2 protein chains.
Amino acid sequence: MSNYHPLTEAEAIEIAKTIKEAFPTGEELVCREIGDGNLNLVFHITQPATGRSLIVKQALPYAKVVGESWPLSLDRARIEGEALILQGKLAPGLVPKVYKNDNELALTVMEDLSDHVIMRRGLIEGGRYPRFAEHISEFMARTLFFTSDLGFNQQEKKRAVGSFINPDLCKITEDLIFDDPYYDSPNNSIEPHLRDAAEAIWQDKALHLEVAVLREKFLTQAQALLHGDLHTGSIFVTPESTKVIDPEFAYYGPIGFDVGAVIANLLLNFAGQEHWSQDEAARKDSREYLLGTIRDVWTLFEAKFRALWNEHGIDRISRTQGYQDEYMLRLLRDSIGFAGAKAVRRIYGLSHVIDIDNIPDASVRNRAQRIALSIGTELIKTNRQAESIEHVVAIARRAVNA
Amino acid sequence: MSNYHPLTEAEAIEIAKTIKEAFPTGEELVCREIGDGNLNLVFHITQPATGRSLIVKQALPYAKVVGESWPLSLDRARIEGEALILQGKLAPGLVPKVYKNDNELALTVMEDLSDHVIMRRGLIEGGRYPRFAEHISEFMARTLFFTSDLGFNQQEKKRAVGSFINPDLCKITEDLIFDDPYYDSPNNSIEPHLRDAAEAIWQDKALHLEVAVLREKFLTQAQALLHGDLHTGSIFVTPESTKVIDPEFAYYGPIGFDVGAVIANLLLNFAGQEHWSQDEAARKDSREYLLGTIRDVWTLFEAKFRALWNEHGIDRISRTQGYQDEYMLRLLRDSIGFAGAKAVRRIYGLSHVIDIDNIPDASVRNRAQRIALSIGTELIKTNRQAESIEHVVAIARRAVNA
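Now for a description of the structure that goes with this document. (Residues numbered from 1 in each chain as written. Chains lettered and ligands numbered in written order. Predicted model: local features only at pLDDT ≥ 70, side-chain atom pairs only at ≥ 80, totals over all residues. Heavy atoms only, no water.)

Structural notes on the relation of the copies chain A and chain B
The transform that puts chain A on chain B rotates by 180 degrees and translates by 0.0 Å along the axis, for an RMSD of 0.0 Å. Given the turn and translation reported, the copies of this chain are related as if by a two-fold rotation axis. By residue overlap, the copies meet face to face through one surface: 100% of the interface positions of chain A are interface positions in chain B. (Least-squares fit on C-alpha atoms with pLDDT ≥ 70 in both. Contact = heavy atoms within 4.5 Å.)

Focus: the packing of helix α7 (residues 195–203) of chain B against helix α8 (residues 205–220) of chain B
When two helices pack together, you describe them by how their axes are tilted relative to each other and by the distance separating the axes. All names here are of chain B. Following both chains from N to C, one finds α7 and α8 inclined at 70 degrees, their axes separated by 6 Å at the closest point. Comparing their axes, α8 and α7 come out roughly perpendicular. On α8, the residues that touch Ile201, Trp202 and Gln203 of α7 are Lys205, Leu207 and His208. Grouping the amino acids of the contact of α7 with α8 by side-chain chemistry returns three nonpolar, two polar and one charged. (Axes fitted to C-alpha atoms, helices over the stretch in contact; angles between N-to-C directions. Helix = DSSP H or I, 4+ residues; strand = E, 2+ residues; numbered from the N terminus. Parallel < 35°, antiparallel > 145°, perpendicular 65-115°, else oblique. Nonpolar A, V, L, I, M, F, W, Y, C, P; charged D, E, K, R; others polar.)

Concerning the interface of chain A and chain B
At the interface, 42 residues of chain A touch 42 residues of chain B. Each partner contributes to the roughly 3,500 Å² buried at the junction of chain A and chain B, and carbon and sulfur atoms together form 56% of this total. Counting every contact that joins chain A to chain B gives ten salt bridges. A:Arg384 serves as the salt-bridge partner of B:Glu326, at 2.8 Å between the closest nitrogen and oxygen. Counting the contacts that link chain A with chain B gives 20 residue pairs in polar contact (both at pLDDT 80 or more). Of all the secondary structure elements, the ones that give two or more residues to the side of chain A that touches chain B are α5 (154–163), α6 (167–176), α8 (205–220) and α11 (323–348) of chain A. (Buried area = accessible area lost by both parts, 1.4 Å probe. Salt bridge = Lys/Arg side-chain N within 4 Å of Asp/Glu carboxyl O. Polar contact = N/O pair within 3.5 Å; in protein donor to acceptor, adjacent residues only side chain to side chain.)

Here's the deal with the sheet that holds strand β1 (residues 30–33) of chain B
All names here are of chain B. Here we have five strands laid out as an open sheet, ordered β1-β2-β3-β7-β6, and antiparallel in their pairing. Edge strands, defined here as strands with exactly one partner in the open sheet, are β1 and β6 (98–102). Mean inter-strand twist for the sheet, computed between neighbouring axes without regard to direction, equals 15 degrees. Examined bridge by bridge, strand β2 (residues 40–47) and strand β3 (residues 52–59) share eight bridges and lie antiparallel to one another. Considered in β3, the bridge of Thr46 is made with Ser53. Along the sheet face, helix α1 (residues 9–17) touches β1, β2, β3, β6 and β7 (107–111) and points at about 125 degrees away from the line of β1. Against the sheet, helix α2 (residues 75–90) contacts β2, β3, β6 and β7, and its axis sits at roughly 30 degrees relative to β7. (Pairing = 2+ DSSP bridges.)

Some points on the side chain of B:Ser318
Relative to the elements of secondary structure, B:Ser318 occurs in the loop between α10 (280–312) and α11 (323–348). A polar atom in the side chain of B:Ser318 sits 2.7 Å from the backbone oxygen of B:Asp315. Each residue touching B:Ser318, except ones within four places of it in the same chain, is listed here: A:Arg215, B:Leu150, B:Trp309, B:Gly313 and B:Tyr323.

Topic: the pairing of β3(B)
Residues and elements named next belong to chain B. Across the eight residues that make up β3, a large majority, seven, are buried. Sheet topology note: the β3/β7 ladder contains five bridges and is antiparallel. Across the sheet, residue Lys57 finds its bridge partner in β7, namely Thr108. (Buried < 20%, exposed > 50% of the residue type's maximum accessible area, 1.4 Å probe, protein only.)

Some points on the sheet that holds strand β10 (residues 235–237) of chain B
The strand order across the open sheet formed by three strands is β8-β10-β11 (chain B), and the pairing between neighbours is antiparallel. Edge strands, defined here as strands with exactly one partner in the open sheet, are β8 (117–118) and β11 (242–244) of chain B.

Describing the packing of α5(A) against α8(B)
Packing of α5(A) against α8(B) leaves a shortest axis separation of 11 Å and a crossing angle of 40 degrees. The angle between α5(A) and α8(B) falls in the class oblique. Where α5(A) approaches α8(B), its residues A:Gln154, A:Lys157 and A:Lys158 are matched on the opposing element by B:Arg215, B:Leu219 and B:Thr220. In the contact of α5(A) with α8(B), the residues fall into one nonpolar, two polar and three charged.

This is the structure in structure tokens:
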């Protein structure tokens, strides 16, 4: 990493100029750094004369979250770049095009998606994405199936496990999702009005046991190459298009962790409708849309994963009678458990979501937070009894009717 | 690997001379190659004047089993050497002392254990090893606990997973243990009188499902650094001492795979007592000894693993109420399932055991083989219902009384 240094805007332009695929003609380029500066620099480079553009994303050697700063390996840029390229091959059209990776400078040059909107913001603004379930289920089914022992030569898969060992980023997940929310950690960020709810969770032994088992799966179960951070802030959308970005948390882990992330973030928006919907009828409508999307995400994911398995199952044993059903049920349960863990931590852990935090009225926010906590804890505690995605829908409905 | 070549005896002596710790004085050394030539060269080097000795073990770039030969990575010598050194630190006195590793020559220079006997042969000759359960449970508890996320920093453990990626040797296990025995594979070696029993297993769908689930654990569950081939041919014993050798199959996998290997090989000898005991009373006595040893191995392993966990559990979450009990029960069930798979494959798979194959009388051998198959299939099919090690004892007793 001897050549590594954070780029200036001028340097970012020099790199962009070399990408003939994006800028075949020589007109002037303009650069603006649009990252939040917490983990990465993000340079948005445009060519005003042609309307062409691209993104240069460079990893910083530290993470800043809510004022705290800790060192973070630049190797995550290599992992992100390699994961993006692999995902682009496995799920064409569902990730940004990668023009160039530079591991020494810890950067990736990629397609500009500013014609899309970040899904979290889109949902808050009342957006509907009729193709989303179709696209995200396709992304997950294909990237997860073809990197797993079901769809990938088992010996090559072992080498892939080795090249996606990602200790620094996994550590963030292990602390923020599976540890801090379950005791009075200084990393938590708890609104005073929520303190009693957090304290109840800190006392809930049955909940802690399920979290320990889920964490063990995150630590040990190398099922497939995960995106690793598949929330609605990592997904760009338009009504017609879906693009998954930012796989810097990629590593070999339990498939349910990715599926659960999508479900959890739809549920967080579901809770946030307490504010974002204008009236009771609109709220009901938005929530039905979100529950329908959750149902579709799982149902389509399951159908696609099974279809890939039936067509591309790599060996005799993958076709063992009853095995696929057994596997898919475990996967559903894992997805539900991880969805719960991802919902809880967003309410009073270190890192929140604007679906909830941007609700201006404290009492409305409090209601939304408690709906999310109720859904999250229930999903965690009951994940091993779930038999279908209706389990999630029923828990979500109960939480708003309570 | 440019310098790699199979050593001559003279070259092995030159290497041995440099080990001052083993040969502090300069008297003449004598060398004899004692390996079976299938996977490794094993040079036994002695100093007749002093009675001192050591072993030089060198990996060959291929494997030969029953006439077949396939290429095999020399990297396994690095893995074996590193695993031996780590096991020696974690479980002092229970593995041979390592004097030197040379990854380029794919060799390890280590303590000579020829005052010990290979346990498989010892058991066949009627040996009793009163310290064995104590020692092997200590070896397993310490090496497995301290390489797992329970007793080892989780980020360092991820790097260890990466450095013990072992595709070639895992492939042997995946084929020979989890695949070939369950269909009419050309790799199987089936005595004609056993054909009907093998065919029954090939039809047993409920059995195949459990095998698929066990294989998935072998493929995905990076719980701890396993020995990976912990049968009684990898264990040197005397009545006072136990030394575990040959960890070339080491990789991060499910803990029950090691525990199950020990149990399976005691059960194979249990089945073989059909011949090795001289009469009914001696047979009963030997079998009670073996069942008592199985019970002790599990009970001591469980107690030691729990004690390490209570004393050295690395974090708050490892102390979650109820988690240890839940984990140990899963571990028992995994051990039982893997024990079954390891018993079955030794009866008509590619590689057998002399506890069974050296029975001269075909009808006695047939009885022993069917006892082993009955135990093995029963363990596989019922592993997920087991509640204690008595489950194994009961199945073994039923198989000889049937």
